[in-house]
Amino acid sequence: MSDISYVRDSMLPPSEPPGAQTGVVKWMRENLFSGLSNTVLTLVGVAAIYYFLQLVLPWLLHGVWYANSLSECRSIIAENYGPNASGACWAVIRLRWYQFVFGFYPPELWWRPTLNFALLFVALAPALFSDNLRMVRIMVGVVAALYLLALVCLSTTPLIFVVTAVLIAALFGVSVVAPMQLIWVTLLFPFITIYLLWGGSVWSSAMGLAGFGVLAVVYRLTNDRLGVVVATGVGVVAAILWWIFLAGPVAGGLASVLAFRLEPMDSDRFGGFLLAFVIGVSSISISLPIGILLALGRQSDMLLIRSLSIGFIEFVRGVPLITMLFTASLLLGYFLPPQTNFDLILRVVILVTFFAAAYNAEVVRGGLAALARGQYEAADALGLDYWQAQRLIIMPQALKVAIPGIVTNFIGLFKDTTLVNFVGLRDPLIGITAVVRSDLDWKGIYWEPYIFVGGVFFLACYGMSRYSMYLERKLKTDHR
Amino acid sequence: MALAADAPKQSFRLGMLIYDTRYRAITIQVIVLILVLLFVGWLLDNARMNLALKGKDIDFSFLWRRAGYDIEQNLIPYTNDSSHFRAILVGLLNTLVVAFFGCIFSTVIGVFFGVLRLSKNWIVSRMMVIYIEVFRNVPLLLWIVLVYVVFSEVMPQPKDFRPGADGVAKASMWLWDSMAITNRGTNIPAPLLTRPLPDLDTAALSLNTSLWFVIILFAVSVWLNRKIVQQATKVQEATGIRPTTWWKSLLILIVPTVAALVLMGFHLDYPVLAGFNFKGGINVAHAFSALLVGLTLYYAAVIAETVRAGIQAVSRGQSEAAFALGLQPGRTMSLVILPQALRVIIPPLISQFLSLTKDTSLGIAVSYLDLRGTLGGITLNQTGRELECMMLLMLTYLLISLIISAVMNAYNASVKLKER
């Protein structure tokens, strides 16, 4: 009896799905033409894109980079693409980029803002990626490389090139060996900024810094006997006395012995994105601690402190930034002792800091509100006092929730730095563009400078909002 | 046997002011109060000295003096002979009108784009992402200035609307010859009345009686219509049959208003090219249009993002349940998703309306004479009264903000989830 049973001992290869169910066709059927309305939407969308591109694409493609005036640009375009062709004249950016970036900072000193900008990212790296040392290294490495590249492009003197290159290489070395030590750069950064951007003797910045040293020493000495609050108060008083009476003479004395002087620079030389970054970064960083204190004040049990905080926050949030800027330029003089006259940028930074502090306070308050009541009770149960509880339990959690909001605030503030134009500072958007457009060679040009400035703002703000989303994902501890 | 004795009565020591939690709060508040009072006193004393040095005083009587400057766009009668107060009122109305239309337009566009952003159609949702990201991440000021520059430099001159030698005009009017955008302004038809009601006009208060009459008439019809619909619902609940109401609604909503308009002789005055410019109609200054368009485009992007977040906050189970009940996608959106999403959307929307209102002050970039432009601009410069003007300016903005947030918070309270 022969065996006729049939057993398949190998699998048939699966047959290909029908053509309409795979690859591009399937994707298009699902995402573009799944129904009548969807098809109509697709067609309308494609038509809109086509209309937009046929308007813009020729203009972009006909762009001219090498010309010395708008009329020359136009004649080149007319020569190459016919008399009715439109085209972008990017030559204005090529010739005037430095004004958009540095304002009226003298060319031989451009390395100072550039170095400061590079140090900003070195200072930010340990704060941004506190738990990802690899990212810190990558960031510092990229910044160092870009800085060297920028130095080559800016054609600085050999001495400055060597000194700053060694400095930035040393920082990269630190980031490889002990990345968290870079936090010292973060702490020193405000004083480095003042020294690098405004120039003068290094000692005036250093003595300003020493005031905080005085505060820390006095706090250490008196903390055991007087408690946190009183010790802080005594420390602050000591630091203020130092700043008022001793810092100046000591700095003068040291400067006469050995002055590491940089050429001093007036505030009216600042402009463009340099100004936007100076105002934006300094305001948001100074406003953060003030905002935290205001948020705590708003949650306080003490009636007076709570009402003062609420009053301040709601007042500042109720008025436009532009009135704050006018206050800085018109009114601040009234409320200071007669004949006090200080720098307009500083005045603007003070008022913008108040503004940002109120908004940050609300974000931090949101973070505090998100905390479970049990966290406060647990801190009390452990016997921690108010400041210990805030420092060890509350703030680490509340700030974690608040960071994306703070980044959003910073984006808003950075965009709003363009408003300083209206109190006489040269912001990149209106101030510098007006300077460029008032040149006879470039009269009548508008798309190109606005696109350039808008593009830089877009890159900065979009980058920051992406970073804030990354943080949100990273900090999300609840698994929903 | 030792009894648990009461804690020994402590006599009050000075140290307890700091170390005893019972007294510490009071101590701190007293210290803070003293410091704040000292600080405020210092500020006021400085202000007093500075004012004395400049030979000024604090005096609001300048408000009643002749303003002496012209305002292009005035919603209430105003000439340069009017008082500064009147000028400030005109400015305030200009601020409010931009804020009002800006809020409405940006909400409509924002909701529409926010829904499209979540569309299943790949091309449309990508386009919306690009729109939202581009407009959100670039300063609002850029949009306002750019729109203004484009309007005043790209748009045709009035003479281009005249037929040339070849009989063809270089530019043409829009919307059946009713609207013309020139480099000097946008000309739109003006609604006019041949037999208006007499206007009420005093120095402080001016009332366009005809306008208010029509508005109140329409509000009353809306109120009556709501009554009718409520009545119909009541009948439906009692008997199960809903009486037809659509013709009643239509009659009540349209007839009284239209009748009033016809009786007052309503007609449109179209702009006509005469001489070197358009005559007739309303000439909307580019400052206004640029500010409005810039604010609308920017805030539409912001609101679209809020709407998207709100819709995505409604859990998927809700739409799945709606589909399981057999609801169509459109009805799912309007009956199930949006009402729930609204609760998430409204609080951030309030703050966006507030920022939009505050951002109308950016009209400074295009010399729009709003509250900032009159009170904080020309009036301030002409009278030299910085302190008084800035104080009034800040207080007015504060008041507007508080009113908007009060109104919107009341609305929020009415739509939010009623928890029992």
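Residues numbered from 1 in each chain as written. Chains lettered and ligands numbered in written order. Predicted model: local features only at pLDDT ≥ 70, side-chain atom pairs only at ≥ 80, totals over all residues.

1. A look at the overall build of chain A
How we decide: A run of H or I in DSSP becomes a helix once it reaches four residues, and a run of E becomes a strand once it reaches two; helices and strands are each numbered from the N terminus. Atoms considered for the radius of gyration are the C-alpha atoms alone. The globule rule reads 2.2 Å times the number of residues to the power 0.38. With C-beta atoms placed from the backbone, a residue is buried if 20 or more other C-beta atoms are within 10 Å of its own, exposed if 12 or fewer are, and partly exposed between those counts. Any pair of residues counts as being in contact when their C-beta atoms, constructed from backbone geometry, are within 7 Å of one another.
When helices and strands are tallied, chain A shows 18 helices and two strands. Over its C-alpha atoms chain A spans a radius of gyration of 29 Å, topping by over 25% the 23 Å that the globule rule assigns to 480 residues. With respect to the three principal axes, the spread of C-alpha positions in chain A is 105 × 80 × 50 Å. Per-residue burial over chain A gives 34% buried out of 480 residues. In chain A, the proportion of contacts linking residues at least 24 apart, taken out of those at least 6 apart, comes to 73%.

2. With respect to the overall build of chain B
Per the secondary structure count, chain B includes 12 helices and nine strands. In summary, chain B has a C-alpha radius of gyration of 30 Å against a globular reference of 22 Å for 420 residues, an excess of more than 25%. With the C-alpha coordinates of chain B rotated into their principal frame, the extents come out at 115 × 75 × 50 Å. Evaluated residue by residue, chain B yields a buried proportion of 28% over its 420 residues. Put simply, 66% of the contacts in chain B that link residues at least 6 apart link residues at least 24 apart.

3. Structural notes on the packing of helix α11 (residues 371–383) of chain B against helix α12 (residues 386–415) of chain B
Residue and element names in this part refer to chain B. The criterion, for reference: Geometry is summarised by axes, namely lines fitted to C-alpha atoms with helices restricted to the contacting stretch, and by angles between N-to-C directions that run from 0 to 180 degrees. Roughly parallel refers to an angle under 35 degrees, roughly antiparallel to one over 145, roughly perpendicular to one between 65 and 115, and oblique to any angle outside these ranges. Gly is placed with the polar residues, together with every amino acid not listed as nonpolar (Ala, Val, Leu, Ile, Met, Phe, Trp, Tyr, Cys and Pro) or charged (Asp, Glu, Lys and Arg).
Relative orientation of the contacting elements α11 and α12 amounts to 175°, with a least axis distance of 9 Å. With respect to their mutual orientation, α11 and α12 come out roughly antiparallel. Mapping the contact onto sequence places L371, R372, L375, G376, T379 and L380 in α11 and E386, C389, M390, L392, L393 and T396 in α12. In terms of residue class, the contact of α11 with α12 is made up of seven nonpolar, three polar and two charged.

4. Here's the deal with the sheet that holds strand β1 (residues 180–182) of chain B
Residue and element names in this part refer to chain B. Here is the rule: Pairing between strands is defined by DSSP: at least two bridges between the two strands are required.
On the basis of which strands lie adjacent, the open sheet formed by three strands has the order β1-β2-β9 and antiparallel pairing. Each edge of the open sheet carries a strand with a single partner, namely β1 and β9 (282–284). For this sheet, the mean inter-axis angle between neighbouring strands, taken without regard to orientation, is 20°. Of the pairings in the sheet, the one linking β1 to strand β2 (residues 185–188) comprises three bridges and is antiparallel in character. When the bridges of β2 are listed, A180 appears paired with N187.

5. Thoughts on the environment of A:G233
Residue and element names in this part refer to chain A. Looking at the secondary structure, you find G233 in helix α10 (residues 228–257). Exposure remark for G233: the 15 C-beta atoms within 10 Å place this residue in the partly exposed category. Taking the C-alpha atoms as reference, G233 lies 24 Å from P249; in sequence the two are 16 residues apart.

6. Topic: the packing of helix α11 (residues 272–299) of chain A against helix α14 (residues 344–370) of chain A
Residue and element names in this part refer to chain A. What counts is decided by this rule: Working rule for handedness: look at the near helix, and if it is turned counterclockwise from the far one by less than a right angle, call the crossing left-handed; if clockwise, right-handed.
For the pair α11 and α14, the least separation of the axes is 5 Å and the interaxial angle reads 45°. Considering their axes alone, α11 and α14 lie oblique with respect to each other. In this structure, α11 crosses over α14, and the sense of that crossing is right-handed. Class assignment of the residues belonging to the contact of α11 with α14 gives a composition of 19 nonpolar, seven polar and two charged.

7. So, the interface of chain B and chain A
Taken together, the 47 residues of chain B in the interface contact 46 residues of chain A. Here the residues of the side of chain B that touches chain A are counted per class, giving 31 nonpolar, nine polar and seven charged.

8. Here we look at the pairing of β2(B)
Residues and elements named next belong to chain B. The loop that links β1 with its antiparallel partner β2 comprises two residues. In this sheet, β9 lies alongside β2 in antiparallel orientation, the contact comprising three bridges. Among the inter-strand pairings, T186 is bridged to a residue of β9, identified as V284.

9. With respect to the environment of A:V278
All names here are of chain A. Note that V278 resides in helix α11. We classify V278 as buried; it has 21 C-beta atoms within 10 Å. Between the C-alpha atom of V278 and that of V349, which follows or precedes it by 71 residues, the distance is 8.7 Å.

10. Overview of unusual backbone geometry
Located in the positive-phi region is B:S367, a residue other than glycine, with phi close to 55°. Residue class for B:S367 comes out partly exposed when judged on the 13 C-beta atoms lying within 10 Å of it.

11. Quick look at the nonpolar core
Rules: Nonpolar cores are identified as sets of buried Ala, Val, Leu, Ile, Met, Phe, Trp, Tyr and Cys residues joined via C-beta atoms within 7 Å.
Core analysis: the biggest nonpolar cluster contains 177 residues, and A:V122, A:L325, A:V348, B:L141, B:I144 and B:L291 have the highest contact counts within it. For this core, the element with the highest residue contribution is helix α8 (residues 286–313) of chain B, accounting for 16 residues.

12. Comments concerning the confidence of the model for chain B
Our working rule: Values of pLDDT, which run from 0 to 100, indicate the predictor's confidence residue by residue.
On average, residues of chain B score 84 in pLDDT, and 91% of them are at 70 or above. The ipTM value of the predicted complex is 0.84, and its pTM value is 0.85.

13. As for helix α4 (residues 122–136) of chain B
Heads up, the rule is: Helix span, expected: 1.5 Å multiplied by one less than the number of residues in the helix. Picture the helix axis, draw a direction to every C-beta atom, and the arc is the one those directions span.
With 15 residues, α4(B) should cover 21 Å at 1.5 Å per step; its first-to-last C-alpha distance of 21 Å lies within 8% of that length. All of the buried residues along α4(B) are B:V124, B:M127, B:M128, B:I132, B:F135 and B:R136. Looking down the long axis of α4(B), one finds its buried residues gathered within 145° of arc, a one-sided arrangement. Residues of α4(B) that are buried make contact with α2 (36–61) of chain A together with α3 (84–117) and α8 of chain B.

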